Amino acid sequence: MVFQRNEGQEQDEILQNRFTSYLLAAVHRRRAQYIDEEVKAQKISSLMEERTMDSTFDLEEEALSEIPLYMRLQNEKLFWALSTLTERERYVFFACALEEKDYEKLATELGLSYKGVAAIYYRAIQKIKKKMKEELL
Amino acid sequence: MTFRDILIRAKLGDETAKMMLLEQYKPMLIKGSILNGRFDEDLYQEQCLVLMKAINQFII
């Protein structure tokens, strides 16, 4: 079927023209809406970019100002508590808490059983807690 | 088959009638899918949906 311009005389032709103009209006409206949506999406994405840039800046600021202060306050107590641990306890504590190694790896590394490492870690934590409480008192 | 027949069939859900209308109005849909001098595939899909909606909502 070929789309041809008709005379608009017959009933059927009138109907077809009516449908065509109806559809044309809808198509134009959809196109305008689509452009609007795209502009909005661009605005939002650019806003989001600004946000993330802001937040990374905030994070950096936090890392530079807040955390070191907090660490410094805690460190004296913590350092003292850590100094009372044995060499092995300290190693296990740092490996678990900071490097996030699992007990199994540590066990093979140190030639201990899984439970042995867990016990050392637990004991180290208990010692640190105890020492830090002592300091507070 | 007149345009009215095709439209009524399409309204009733006849796929061939819908395809006939899509073929007939494709150039208009394509023309309505041009953004900044470029054919936008996503918008063309939307325009096809517009046609389907128009078929359903148009009052004969």
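So, a few notes on the structure that sits alongside this text. Predicted model, so just to flag it, every value in this text is computed and none were measured. (Residues numbered from 1 in each chain as written. Chains lettered and ligands numbered in written order. Predicted model: local features only at pLDDT ≥ 70, side-chain atom pairs only at ≥ 80, totals over all residues. Heavy atoms only, no water.)

For the rest of this paragraph, the subject is the overall build of chain B. The secondary structure content of chain B amounts to three helices and two strands. Helices and strands appear in chain B in the N-to-C order α-α-β-β-α. The burial tally for chain B puts 42% of its 60 residues in the buried class. Within chain B, contacts between residues at least 6 apart in sequence are counted, and of these 37% link residues at least 24 apart. For chain B, the exposed surface amounts to about 3500 Å²; the carbon and sulfur share of it is 55%. (Helix = DSSP H or I, 4+ residues; strand = E, 2+ residues; numbered from the N terminus. Buried < 20%, exposed > 50% of the residue type's maximum accessible area, 1.4 Å probe, protein only. Contact = heavy atoms within 4.5 Å. Areas by Shrake-Rupley, 256 points an atom, 1.4 Å probe, with all protein chains shown as cover.)

Another aspect to go through is a nonpolar patch on the surface. Side chains of I8, L12 and I60 of chain B sit close together on the surface and give an oily, nonpolar patch of about 280 Å² of accessible area. With respect to the element layout, I8 of chain B can be found in helix α1 (residues 3-11). (Patch = residues over 30% accessible without salt bridge, like charges linked within 9 Å, V, L, I, M, F, W, Y side chains within 5 Å. Salt bridge = Lys/Arg side-chain N within 4 Å of Asp/Glu carboxyl O.)

Counting from both sides, the interface comprises 18 residues of chain A and, opposite them, 26 residues of chain B. Summing both partners gives a buried area of about 2200 Å² for chain A against chain B, and 72% of it is carried by carbon and sulfur. For R30 of chain A, the salt bridge is made with E46 of chain B, and the minimal N-O distance between the two is 2.9 Å. Our count for the contact surface shared by chain A and chain B stands at eight residue pairs in polar contact (both at pLDDT 80 or more). When its residues are assigned to classes, the side of chain A that touches chain B shows 11 nonpolar, two polar and five charged. (Buried area = accessible area lost by both parts, 1.4 Å probe. Polar contact = N/O pair within 3.5 Å; in protein donor to acceptor, adjacent residues only side chain to side chain. Nonpolar A, V, L, I, M, F, W, Y, C, P; charged D, E, K, R; others polar.)

Below, the discussion takes up the packing of aromatic side chains. Residue and element names in this part refer to chain A. Counted under the stated rule, the structure contains nine aromatic pairs over all chains. Pairing F93 with F94 gives two aromatic rings, centres 5.7 Å apart and planes at 55°, and the pair type is tilted. A relative accessible area of 31% places F94 in the partly exposed class. Between the aromatic rings of Y103 and Y114, the centroid separation amounts to 5.6 Å while the plane-to-plane angle is 70°, which identifies the pairing as edge-to-face. In this pair, Y103 is assigned in helix α3 (residues 103-110) and Y114 in helix α4 (residues 114-136), connecting sequence segments 11 residues apart. (Phe/Tyr/Trp six-rings, centres within 6.5 Å; stacked < 30°, edge-to-face > 60°.)

Further remarks concern the pattern of salt bridges. In a structure, side chains of opposite charge can pair up when their charged atoms sit close to one another. Summed over all chains, the structure comprises seven salt bridges over all chains. Note that K18 of chain B is salt-bridged to E15 of chain B, the shortest N-O span being 4.0 Å. With K18 of chain B and E15 of chain B both in helix α2 (residues 15-31), this residue pair falls three residues apart, about one helical turn. In the salt-bridge network here, residues are joined through shared partners; they are E89, R123 and K127 of chain A.

As a further point, take the side chain of R30 of chain A. Of note, R30 of chain A is situated in helix α1 (residues 11-83). Here R30 of chain A falls in the buried class, since its relative accessible area comes to 12%. Beyond its immediate chain neighbours, meaning those up to four positions away, R30 of chain A contacts E37 of chain A together with L43, E46, Q47 and V50 of chain B.

With that out of the way, let us pick up a negative patch on the surface. Judged by side-chain charge, D36, E37 and E38 of chain A together with E41 and D42 of chain B come together as a negatively charged surface patch. At the level of elements, α1 of chain A together with α3 (41-57) of chain B are the ones that each hand at least two residues to the negative patch. Element by element, the count of residues in the negative patch is highest for α1 of chain A, at three residues. Mapped onto the fold, E38 of chain A is located in helix α1. Residue classification places E38 of chain A among the partly exposed positions, given a relative accessible area of 36%. (Lys, Arg positive; Asp, Glu negative; His and termini not counted. Charge placed at Lys NZ, Arg CZ, Asp CG, Glu CD.)

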